[in-house]
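Commentary on secondary and tertiary structure
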Amino acid sequence: MLLGRLNHVGIACPSIDAAVAMYERLFGATLSTPAFDLPAQGVRVAFIDVANSQLELIEPLGEDSPIHGFLKKSPNGGQHHVCFEVADIIAARDAMRARGATVLGTGEPRIGAHGVPVIFVHPRDTGGVLVELMQEPGDHH
């Protein structure tokens, strides 16, 4: 299993609207994908395109959102995860397990914000960084 391209950096934030305004004001960035809800993951997400990747802004959706715990530790938000594309999500999951890494949840891929299967690898196994692996999207975006 080889990592593909960096797809995005996930950034947890208490308010997507406020984060978008900050990225527009400081960096001239523009929203590429308006905010939408991912109820199965308990988050609301939006994307900002950058030259060679994207920023995924993640806001809690409801009281059961896993992002609440992150924001308790970092109330202003911050870098949450990095996401790499892989050619085969099942092969990637199996490789992570075979190499001793913990795949979060049940290990069964779930559909992520790009509409393709994703898994997350525990940060204790990846140098303190939460890593999302996602099946390569058909349009690479």
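Structure's up top.
Since the structure is predicted, the reported quantities are computational estimates derived from the model, not experimental observations.

**Brief notes about the layout of surface pockets**
In this structure, the largest pocket spans a volume of roughly 650 Å³. Lining the largest pocket are 32 residues, and of these P66, H80, R110, F120 and L130 sit closest to its centre. Counting only elements with at least two residues in the lining of the largest pocket, the list comes to strand 3 (43-50), strand 4 (53-60), helix 2 (67-73), strand 5 (78-86) and strand 7 (117-121). Per-element tally for the lining of the largest pocket: the top contributor is helix 2, with four residues. Broken down by class, the residue content of the lining of the largest pocket amounts to 17 nonpolar, 10 polar and five charged.

**Quick notes on the pattern of salt bridges**
The final tally for this structure, using the stated rule, is four salt bridges. Of the charged contacts in the structure, one is a salt bridge between R5 and E85, with a shortest N-O distance of 2.8 Å. Residue R5 is located in the segment before strand 1 (6-12), and its partner E85 is located in strand 5; the two are separated by 80 residues in the primary sequence. For R5, a relative accessible area of 32% translates into the label partly exposed. Its relative accessible area of 1% is what places E85 among the buried residues.

Rules of the game
Counting starts from 1 at the beginning of each chain's written sequence and moves along it residue by residue. A pLDDT threshold of at least 70 governs which residues receive local features in this predicted model, and a stricter bar of 80 or more applies before side-chain atom pairs are shown or counted, although totals over entire chains, interfaces and linings include all residues. Note: side-chain values were computed over all heavy atoms of the structure, leaving out hydrogens and water. Cavities and pockets are defined on a 1 Å grid built over the protein atoms alone: a cavity is a set of grid points where a 1.4 Å probe fits but cannot escape, while a pocket is an open set with protein on both sides within 12 Å along at least five of seven lines, and lining residues are those with an atom within 4 Å of any such point. Grid points are joined across faces, edges and corners, and a volume is the space filled by probe spheres set on the points. Strands are runs of DSSP state E lasting at least two residues, helices are runs of H or I lasting at least four, and both sets are numbered from the N terminus onward. For this classification, the nonpolar set comprises Ala, Val, Leu, Ile, Met, Phe, Trp, Tyr, Cys and Pro, the charged set comprises Asp, Glu, Lys and Arg, and every other residue, Gly included, is treated as polar. We define a salt bridge as a contact between a side-chain nitrogen of Lys or Arg and a carboxyl oxygen of Asp or Glu at a distance within 4 Å. When accessible area is computed with a 1.4 Å probe and restricted to protein chains, residues below 20% of their type maximum are described as buried, those above 50% as exposed, and intermediate ones as partly exposed.

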